[in-house]
Amino acid sequence: MEALDYTGTQVNYFFVCRRKLWLFTRDIRFENENEYVQLGRLIDEYSYPRKKKQIEIGNLKIDFLDNKQGIIHEVKKSPKIEKAHIWQVKYYLYWLKSHGVEHITGEIDYPKLKKKEVISLTDDDLKVFEDIFAQMKIVLAQAIPPETINRPFCKKCAYFEFCYA
């Protein structure tokens with residue numbers, strides 16, 4: 001895969017769990033049955049009701065966009081894996097910049113906590129993405145999925161039973 005062919009979810013999963021990234025990319029998905037994923041979708045659906053949801057641009061699915069302010073928004077349930085959320089939004093900004101969209105920022109919204117995190121894309125981030133994409137390519141080229149990581153958040157993961165059964 002090329003850098004601009006990834007989805008924000010894939011970049012997010014790269015930071016959360018390489019095994020999850022590998023499985024998701026191969027269309028092995030359990031998100032629809034997972035209660036935590038369903039809760040996250042409900043929070044996304046019922047938060048910010050006046051905003052147009054799920055803007056699809058290429059292979060990106062942005063939760064909502066504030067055209068007047070030039071801000072893309074990603075709605076999340078909690079900041080427990082905030083690094084993954086941040087890089088997901090940075091990827092959206094990277095993708096948009098690569099397609100000629102300038103002067104846009106991102107925001108991660110945690111409506112349950114009434115918290116917002118402003119995200120921008122720096123020149124240093126562009127260099128970091130080169131490494132991220134190289135590592136993603138290696139993970140996804142593997143014939144078998146990476147090992148399980150056995151972290152506390154695994155118990156709430158949609159892939160938990162698949163990985164630990």
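Details of the structure are given in the entry above.
Bear in mind that the values here come from a model prediction, so they are computed numbers and not experimental data. For every chain, the first residue of its written sequence is number 1, and the numbers climb from 1 along that sequence. Confidence filtering applies because this is a predicted model: local features only for residues at pLDDT of at least 70, side-chain atom pairs given and counted only at 80 or more, and all residues used for totals across whole chains, interfaces and linings. The basis for every side-chain value is the complete set of heavy atoms in the structure, and neither hydrogens nor water enter the calculation.

Quick look at the packing of helix 4 (residues 82–98) against helix 5 (residues 123–141) now. Following both chains from N to C, one finds helix 4 and helix 5 inclined at 105 degrees, their axes separated by 11 Å at the closest point. Taken together, helix 4 and helix 5 sit at an angle that is classed as roughly perpendicular. Counting all contacts with helix 4, which are made through Trp87, Lys90, Tyr91, Tyr94 and Lys97, the residues of helix 5 involved are Asp125, Leu126, Val128, Phe129, Ile132 and Phe133. Residue polarity is assigned by list, with Asp, Glu, Lys and Arg as charged and Ala, Val, Leu, Ile, Met, Phe, Trp, Tyr, Cys and Pro as nonpolar; anything else, Gly included, falls into the polar class. In the contact of helix 4 with helix 5, the residues fall into eight nonpolar, no polar and three charged. Fitted lines through C-alpha atoms serve as axes, helices being fitted only where they are in contact, and the angles separating the N-to-C directions of these axes extend from 0 to 180 degrees. Secondary structure elements follow DSSP: runs of H or I of four or more residues count as helices, runs of E of two or more count as strands, with numbering from the N terminus. Working rule for angles: under 35 degrees goes down as roughly parallel, over 145 as roughly antiparallel, 65 to 115 as roughly perpendicular, anything else as oblique. Contacts between residues were defined by any pair of non-hydrogen atoms, one from each residue, lying within 4.5 Å.

Turning next to helix 2 (residues 18–25). Counting buried residues along helix 2, six of its eight residues qualify, which places the element largely inside the surrounding structure. Any residue under 20% of the maximum accessible area for its type is buried, any over 50% is exposed, and the rest in between are partly exposed; the area is computed with a 1.4 Å probe on protein chains only. The set of residues buried in helix 2 consists of Arg19, Lys20, Leu21, Trp22, Leu23 and Phe24. Among the structural elements, helix 1 (8–16), helix 5 and helix 6 (160–164) are those in contact with the buried residues of helix 2. Asp27 occupies a position one or two residues after helix 2 and carries a positive phi of about 60 degrees.

Before going further, it helps to spend a moment on the pairing of strand 5 (residues 105–110). For strand 5, the buried fraction is high: five of the six residues fall into the buried class. Pairing between strand 4 (residues 71–75) and strand 5: five bridges, direction parallel. Following the sheet pairing, Glu74 is matched in strand 5 by Ile108. Handedness of the crossover joining strand 4 and strand 5 through helix 4 is recorded here as right-handed. Both strand 5 and strand 6 (residues 115–119) contribute to a ladder of five bridges, which runs antiparallel. In the sheet register, Gly106 faces strand 6, and the bridge partner there is Ile119. Only strands that DSSP links by at least two bridges are regarded as paired with each other. We call a crossover right-handed when, viewed with both strands directed away from the observer, the connection leading from the first strand over the helix to the second proceeds clockwise.

Turning to the packing of aromatic side chains, a few remarks are in order. Any pair of aromatic rings gets described here by the distance separating the centres and the angle formed by the planes. Aromatic contacts are taken between Phe, Tyr and Trp rings whose centres are within 6.5 Å, Trp giving its six-membered ring; a plane angle under 30 degrees counts as stacked, one over 60 as edge-to-face, and the others as tilted. Applying the stated criterion across every chain yields a total of 12 aromatic pairs. Summarising the aromatic geometry, the rings of Tyr13 and Phe24 are spaced 5.1 Å apart at their centres and angled 85 degrees between planes, so their arrangement reads as edge-to-face. Here Tyr13, found in helix 1, pairs with Phe24, found in helix 2; they are 11 residues apart in sequence, far enough to count as distant. On the basis of relative accessibility, which here comes to 10%, the residue Phe24 falls in the buried class. Ring geometry for Tyr94 against Phe133: centres 5.4 Å apart, planes inclined by 55 degrees, an arrangement best described as tilted. Separated by 39 residues along the polypeptide, Tyr94 in helix 4 and Phe133 in helix 5 bring together distant segments of the chain.

The subject of this paragraph is the side chain of Lys20. Its location among the elements puts Lys20 in helix 2. Taking relative accessible area as the criterion, Lys20 reaches 14% and is therefore assigned buried. Here Lys20 is in contact with Tyr13, Cys157 and Tyr159, once residues within four sequence places are set aside.

Looking now at the pattern of salt bridges. When a carboxyl oxygen of Asp or Glu is within 4 Å of a side-chain nitrogen of Lys or Arg, the pair counts as a salt bridge. The final tally for this structure, using the stated rule, is six salt bridges. One salt bridge in this structure joins Lys90 and Asp125, with 2.5 Å as the shortest N-O distance. Residue Lys90 is found in helix 4, and its partner Asp125 is found in helix 5; the two are separated by 35 residues along the sequence. According to the relative accessible area criterion, Asp125 is buried, its value standing at 8%. Among the salt bridges present, the one from Glu102 reaches Lys97, with a minimum N-O distance of 3.6 Å. Judged by its relative accessible area of 43%, Glu102 falls in the partly exposed class. When salt bridges with common partners are traced through the structure, they connect Glu107, Asp109 and Lys116 into a single cluster.

So, to be careful, I would describe these as geometric facts and stop short of saying anything about function.
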